[in-house]
Structures are given as C-alpha cells and as structure tokens.
Amino acid sequence: LPLYPLRLQNAVLKRTVEALMERGAVVRNLENLGERSLPYKISKHNERHRRGGYFLIDLEGPPSIVSTMMDHLGRDIDVIRRGFIKHPVSKTEECSGIIPVNYQDKLIVKKK
Amino acid sequence: SALPWSLCSSASYKKTTHNLNSLPWCVTEQGPSARGGHRPIQMENPYKDPPKKCVLCGINVDYKNVQLLSQFVSPHTGCIYGRHITGLCNKKQKEVTKAIKRAHVLGFMPVMFKNPSFLTDPKICNIKYPE
C-alpha cells in the first residue's frame, strides 16, 4: 500500500476485509507489519513504488476464495503486491538432530 | 618272557576321562563361577553422544524474519548458500530455501543483494571470501 495517510490505508483494509466477508471468509486477525521501504522498486499500476505498508490478514475460508480475491486485489490500485499463504504447521518439536547416514551402504546396490 | 603290557587286558589301557569341573585349574564357561564374574550383557553403547544438531534445530523458520534468512544469503550476489556451506540438516535447508524464495516474491527480502542493515550479523556459514 503506497498511500501515506492513515485514513486511506484504513479505507483499503476495510474494503478488502468486506470483500473477504462477502465471499464467506472468517477473518481471525489483522496484523500491521509496519511501513517500511520496499526491498526493491516495484512498478504497479503505472507507478514506481519505493515505500509501502505491510499487512497480514489471518483468515479461514473455502479454497475457492483464493482466485477471486487475487483478481479483486489485482484490480485495486492501492495494493502493490498480494499473496495467499497456507497456515504454517510447525513441526519443530520432533527435530532429533542430524542422523549420520551410512553412504557406503547406499552406494552398494541391494540385490532384490 | 611275557611283557608286562601284553599280559594286561586292553580295557585298562583306555584313558581315564577326568571330569573337567573337578580339576581346579580349568576355567568353566557356564554361568557364574566360584570367582563371581558374569558374562557381558548385550546392550547399546551407554556412552554414545546424542545426535548432533544443526544451527536451526528447534527454531521455527518464517518467511517474515528477514534477518534470520539473510544470514544464509551471500552479501555480494544475494544467492542462497548450499548445504555444504550452511551446515544445516535436510529439513531445515529446504525450509530456509522455501522461506527465502517466498520472501523474495512477496517483497520482504531483496533478491540481488543482502540488506545492508544485516551485514554486521554474526557469521553462521563457513564461507571464505577471496581477499
């Protein structure tokens, strides 16, 4: 989101959340990851952007939403980059460490 | 004249088999002997070291924390270091690569170089730069 005034940012967020609710998604959480300068200049909608605000919307909904929402956000001139990501399932508790692999056994072809 | 060994019966020349257990200098192979020693029990090595852990073992890798991901990226070209340089296990290397690619696409992390504010981070990868 390239717009500096807070009111306009709020308006954009309100629009997107309403569109999501229309399609039957349940919004769980909305996080503001801050406004920072973009890692590289992004040109979108005939404009070269250098700064932007990052927002993360936590939602639950049917998978058919994804394509329609990407379309909707693509047409919004205030949105620079959009993306949908699945909720990461962290499995770090099972990390047992590096198990030494016996390369010699792998090299010798096992006869069936 | 009759020789002393010819007159005797052949049975008496059979070797007398001694009972091994009775002889004091023979070591028995069955169970606890009089000295009180046991046979060694088969078990796993109790002094074995726990399996080595890589740097990220137990740490959750996220595409949002760019600082952590930037530690596995070259400062000059921005290319991701291989397994032989980072020293991570299979799972974590894959996770880090996927997270870096995702951060590139979504506009969190620069692609062609390393974020200058992260250049003074501690070195994790064992890479030698030419002087």
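Up top is the structure.
Residues numbered from 1 in each chain as written. Chains lettered and ligands numbered in written order. Predicted model: local features only at pLDDT ≥ 70, side-chain atom pairs only at ≥ 80, totals over all residues. Heavy atoms only, no water.

Visitor: Even after reading the chapter, I still don't get the overall build of chain B, so can you show me in this structure?
Guide: The helix and strand inventory of chain B stands at 4 helices and 0 strands. Walking chain B from its N terminus toward its C terminus, one meets helices and strands in the order α-α-α-α. Classification of the 131 residues of chain B by burial places 27% in the buried group. Restricting the contact set of chain B to residue pairs at least 6 apart, pairs at least 24 apart contribute 66%. (Helix = DSSP H or I, 4+ residues; strand = E, 2+ residues; numbered from the N terminus. Buried < 20%, exposed > 50% of the residue type's maximum accessible area, 1.4 Å probe, protein only. Contact = heavy atoms within 4.5 Å.)

Visitor: What is the right way to read the pattern of salt bridges from this model?
Guide: Side chains that differ in charge, positive against negative, can pair when their charged atoms come close. All names here are of chain A. Evaluated as defined, the whole model comprises 7 salt bridges over all chains. Between Glu 35 and Arg 51 there is a salt bridge whose closest N-O contact spans 3.2 Å. Here Glu 35, found in strand β1 (residues 26-44), pairs with Arg 51, found in strand β2 (residues 47-60); they are 16 residues apart in sequence, far enough to count as distant. The exposure class of Arg 51 is partly exposed, given its relative accessible area of 44%. (Salt bridge = Lys/Arg side-chain N within 4 Å of Asp/Glu carboxyl O.)

Visitor: Would you mind going over the interface of chain A and chain B with me for this structure?
Guide: Where interface size is quoted, it is often the accessible area lost as the parts come together. Residue-level contacts link 16 residues of chain A with 23 residues of chain B. Here chain A packs against chain B, burying approximately 1,600 Å² in sum over the two surfaces, 65% of which is carbon and sulfur. Linking chain A to chain B there are 0 salt bridges. Our count for the contact surface shared by chain A and chain B stands at 3 residue pairs in polar contact (both at pLDDT 80 or more). Counting residues per element, the ones that place at least two in the side of chain A that touches chain B are β1 and β2 of chain A. A per-element tally of the side of chain A that touches chain B places β1(A) first, with 4 residues. (Buried area = accessible area lost by both parts, 1.4 Å probe. Polar contact = N/O pair within 3.5 Å; in protein donor to acceptor, adjacent residues only side chain to side chain.)

Visitor: How should I be thinking about the pairing of β1(A) in this particular structure?
Guide: Regular strands have side chains that alternate between both faces of the sheet. Residue and element names in this part refer to chain A. In the sheet, β1 pairs with β2 via 13 bridges, with the strands oriented antiparallel. Pairing of Val 27 across the sheet is with Leu 59, part of β2. Counting the residues between successive antiparallel strands, the hairpin from β1 to β2 contains 2 residues, one of them, His 45, with a positive phi of roughly 55°. (Pairing = 2+ DSSP bridges.)

Visitor: Honestly, the packing of aromatic side chains in this entry has me stumped. Any pointers?
Guide: Each aromatic ring pair is specified by the distance between its two centres and by the angle formed by the two planes. Going through the model one piece at a time under the given rule, you end up with 2 aromatic pairs over all chains. Residues Tyr54(A) and Phe108(B) carry aromatic rings whose centres are separated by 5.0 Å and whose planes lie at 40° to one another, so their mutual orientation is tilted. Of the two residues, Tyr54(A) is situated in strand β2 and Phe108(B) in the segment after α4 (90-106); the pairing between them involves two chains. For the pair shown, Tyr54(A) and Phe108(B) are each scored as buried. Ring centres of Tyr63(B) and Phe108(B) lie 5.7 Å apart, and the angle between their planes is 75°; on these two criteria the pair is classed as edge-to-face. Of the two residues, Tyr63(B) is situated in the loop between α1 (4-7) and α2 (66-70) and Phe108(B) in the segment after α4; the sequence distance between them amounts to 45 residues. Cluster of aromatic residues (ring-pair linked, three or more members): Tyr54(A), Tyr63(B) and Phe108(B). Of note, Arg36(A) hangs over the ring of Tyr54(A), and the distance from its end group to the ring centre comes to 4.5 Å. (Phe/Tyr/Trp six-rings, centres within 6.5 Å; stacked < 30°, edge-to-face > 60°. Lys NZ or Arg CZ within 6 Å of the ring centre and 35° of its normal.)

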